[in-house]
Amino acid sequence: MDAEPRTLPQTPPVAPTADASAADPQSFLSALENRLEALLASRLDALEDKRHKDERDTLMARFVAEHPDYRELAASGALEAQKRANTLLDDVGAYFAARLETEGQAHEAVLEKTRQEAAAQAEAKALERIRTKRLARTLSRTPSGAGRGEGTDPDLAAPEKFGGINAVLAARLLARRQSGDI
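Conventions and cut-offs
- Residues numbered from 1 in each chain as written.
- Predicted model: local features only at pLDDT ≥ 70, side-chain atom pairs only at ≥ 80, totals over all residues.
- Heavy atoms only, no water.
- Helix = DSSP H or I, 4+ residues; strand = E, 2+ residues; numbered from the N terminus.
- Expected span 1.5 Å × (residues − 1).
- Buried < 20%, exposed > 50% of the residue type's maximum accessible area, 1.4 Å probe, protein only.
- Salt bridge = Lys/Arg side-chain N within 4 Å of Asp/Glu carboxyl O.
- Patch = residues over 30% accessible without salt bridge, like charges linked within 9 Å, V, L, I, M, F, W, Y side chains within 5 Å.
- Areas by Shrake-Rupley, 256 points an atom, 1.4 Å probe, with all protein chains shown as cover.
- Phe/Tyr/Trp six-rings, centres within 6.5 Å; stacked < 30°, edge-to-face > 60°.

Asks: Go over helix α2 (residues 25-66), please, and point to the residues and values.
Replies: Between its first and last C-alpha atoms α2 spans 61 Å; for 42 residues at 1.5 Å apiece the expected length is 62 Å, and the two agree. Among the residues of α2, those classed as buried are A31, A38, A41, D45, R56, M60, F63 and V64.

Asks: Could you give an account of the pattern of salt bridges, with specific residues and numbers?
Replies: Scanning the model with the defined rule gives ten salt bridges in all. Put simply, R115 and E112 hold a salt bridge, and the shortest N to O gap is 3.7 Å. Of this pair, R115 and E112 both sit in helix α5 (residues 91-138), three residues apart, which is roughly one turn of that helix. Residue classification places R115 among the partly exposed positions, given a relative accessible area of 47%. Linked by salt bridges that have partners in common, E48, R51 and E55 make up one network.

Asks: Tell me about a nonpolar patch on the surface, residues and numbers included.
Replies: Together, L36, L39 and L40 give the surface a local cluster of nonpolar side chains, amounting to about 290 Å² of exposed area. Mapped onto the elements, L39 comes out in helix α2.

Asks: Report on the packing of aromatic side chains, specifying residues and quantitative values.
Replies: Each aromatic ring pair is described using two quantities: the centre-to-centre distance and the angle formed by the ring planes. This model, assessed by the stated rule, comprises five aromatic pairs. With 5.7 Å between their ring centres and 70 degrees between their planes, F63 and F96 make a pair best called edge-to-face. Of this pair, F63 sits in helix α2 while F96 sits in helix α5, and the two are 33 residues apart along the sequence. Residue classification places F63 among the buried residues on the basis of a relative accessible area of 10%. Grouping aromatic residues by their ring pairs yields a cluster made of F63, Y70, Y95 and F96.

The values reported here are purely geometric and, on their own, carry no functional implication.
Below, the structure written as structure tokens:
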């Protein structure tokens, strides 16, 4: 954004002398005109550079006012690190690059936490299914069969229809005691 000041080739100053002005007034005026042009060009360039710098400072002040975390990032050195990593970045570009990096890290942390929670839930569901199947096998009608090779009983497949799992287990225990198996 900052433009380097242009430098014009300087013509060597021609000191007006009485001999030069008397001998050739046209060359004297030409030399004076060249000096005046060079002086004006350098002054205009300096003025244009100052105007660009003031304009940039105003825009930067407005940007800093609109983005309150800019000062914090600048103080922490994050902007300088971004500029060192990518030499094409200026202050504003480094600010946005640092913000994107921070938001990306936060997103990765949330994503990893969600993955871990999903894995824990899947593991809990799998263990519950295994426990349910194991319970259904051990609570078969015949104690010696232990549920192997037999279909699941309807009261264990849907215990809520028969008063819940506790009622089903109590009824089976009572049936075993009455049959003399226990």
